[in-house]
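Reading the structure
Chain by chain, the residues run as shown.
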Amino acid sequence: MNNHRYVKKQTLYLAMAAALIIGFLGGVVFYAYYSPPGGGTLQTSEQQKAAAEAIVSLEKATRDKPGDGQTWVELGHAYFDSGQAKQAITAYTKALELLPGNLDVMTDLGVMYHEDNQHQKALDLFDQVLKTDPKHEQARFNKGVVLLTGFNDRKGALTEWKTLVQYHPMAATPSGTMVSDLIAQLEKEDQLKK
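So, here's what we can say about the structure. Every value quoted in this text rests on a predicted model; they were computed, and no experiment measured them.

1. Concerning the overall build of the protein
Each helix and strand in the protein was counted, giving nine helices and zero strands. Reading the secondary structure of the protein in the N-to-C direction produces α-α-α-α-α-α-α-α-α. Contacts spanning at least 24 positions in sequence make up 49% of the contacts within the protein whose residues lie at least 6 apart.

2. Digging into the nonpolar core
Core analysis: the largest hydrophobic core is formed by 43 residues, its most contacted members being Leu 75, Leu 109, Met 112, Phe 141, Trp 161 and Val 179. Residues in contact with Met 112, not counting those within four places in the same chain, are Phe 80, Ala 85, Ala 88, Ile 89 and Tyr 92.

3. Comments concerning the packing of aromatic side chains
The full count for this structure, using the stated rule, is one aromatic pair. Residues Phe 141 and Trp 161 carry aromatic rings whose centres are separated by 5.7 Å and whose planes lie at 20 degrees to one another, so their mutual orientation is stacked. One end of the pair, Phe 141, is in helix α7 (residues 137–151); the other, Trp 161, is in helix α8 (residues 154–167), and 20 residues separate them in sequence.

4. Here we look at helix α3 (residues 69–81)
An ideal rise of 1.5 Å per residue puts 18 Å on 13 residues; α3 measures up with 18 Å between its terminal C-alpha atoms. Looking only at α3, the buried set comprises Gly 69, Thr 71, Trp 72, Val 73, Leu 75, Gly 76, Ala 78 and Tyr 79. Residues of α3 that are buried sit in contact with α2 (45–64), α4 (85–98) and α5 (103–115). Residue Asp 68 occupies the N-cap position of α3, its side-chain oxygen lying 3.2 Å from the main-chain nitrogen of Gln 70.

5. A few points about α8
Compared with an ideal rise of 1.5 Å per residue, which puts 14 residues at 20 Å, α8 spans 20 Å between its outermost C-alpha atoms and is within 8% of the ideal. For α8, the set of buried residues is Arg 154, Gly 156, Ala 157, Leu 158, Glu 160, Trp 161, Leu 164 and Val 165.

6. Comments concerning the packing of α5 against helix α6 (residues 119–132)
For any two helices packed against each other, the geometry is given by the interaxial angle and the distance between the axes. Axis separation between α5 and α6 bottoms out at 7 Å; the angle between their running directions is 160 degrees. In terms of orientation, α5 and α6 fall into the roughly antiparallel class. Pair α5 / α6 crosses with left-handed handedness. Counted together, Leu 103, Met 106, Thr 107, Leu 109, Gly 110, Val 111, Tyr 113 and His 114 of α5 and His 119, Lys 121, Ala 122, Leu 125, Phe 126, Gln 128, Val 129 and Thr 132 of α6 form the full contact between these two elements. Partitioned by chemical class, the residues of the contact of α5 with α6 number nine nonpolar, six polar and one charged.

Cut-offs applied
- Residues numbered from 1 in each chain as written.
- Predicted model: local features only at pLDDT ≥ 70, side-chain atom pairs only at ≥ 80, totals over all residues.
- Heavy atoms only, no water.
- Helix = DSSP H or I, 4+ residues; strand = E, 2+ residues; numbered from the N terminus.
- Contact = heavy atoms within 4.5 Å.
- Core = buried A, V, L, I, M, F, W, Y, C linked by side-chain atoms within 4.5 Å.
- Buried < 20%, exposed > 50% of the residue type's maximum accessible area, 1.4 Å probe, protein only.
- Phe/Tyr/Trp six-rings, centres within 6.5 Å; stacked < 30°, edge-to-face > 60°.
- Expected span 1.5 Å × (residues − 1).
- Polar contact = N/O pair within 3.5 Å; in protein donor to acceptor, adjacent residues only side chain to side chain.
- Axes fitted to C-alpha atoms, helices over the stretch in contact; angles between N-to-C directions.
- Parallel < 35°, antiparallel > 145°, perpendicular 65-115°, else oblique.
- Left-handed = near helix turned anticlockwise from the far one by under 90°.
- Nonpolar A, V, L, I, M, F, W, Y, C, P; charged D, E, K, R; others polar.

Okay, structure coming up:
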């Protein structure tokens, strides 16, 4: 048997295995980031109709009581949940004018800036939240997401998520994946690239 051919087959098999593993891990990471909670089911037309009706009702409520910060927050959430980033940004910004310093609203606004491809604004908001509360779970997780997907800063994202797990060992992604598992997957992927 020709050893030269054996090495080539072995190299081919190793390359194929590495490609499969990298593809699998990439899919897992993608799912962990972008899958909605609850199994990723799509909204039915009835749910979409109910969401649209809720938005119309909340828009009316903000016109009737423009100084009610909580109603602006709820409107922002409704836009957030329906994927309307620009409208959510407007509603959350108004909410923060009425409820300054609300860390959860600032975090949700940061997520919407990221969805609207305003990654630096998102990062700035998460940094403001974390300056006030370094243990803020959602801000820390989302800062990692923005670093990874908005700035392609894998090392920075891993640093944020490792800090998150130090504060909150049971932290999970919106899809339910443990952040510690996500870190391990990304580090394995990094090792395979070396």
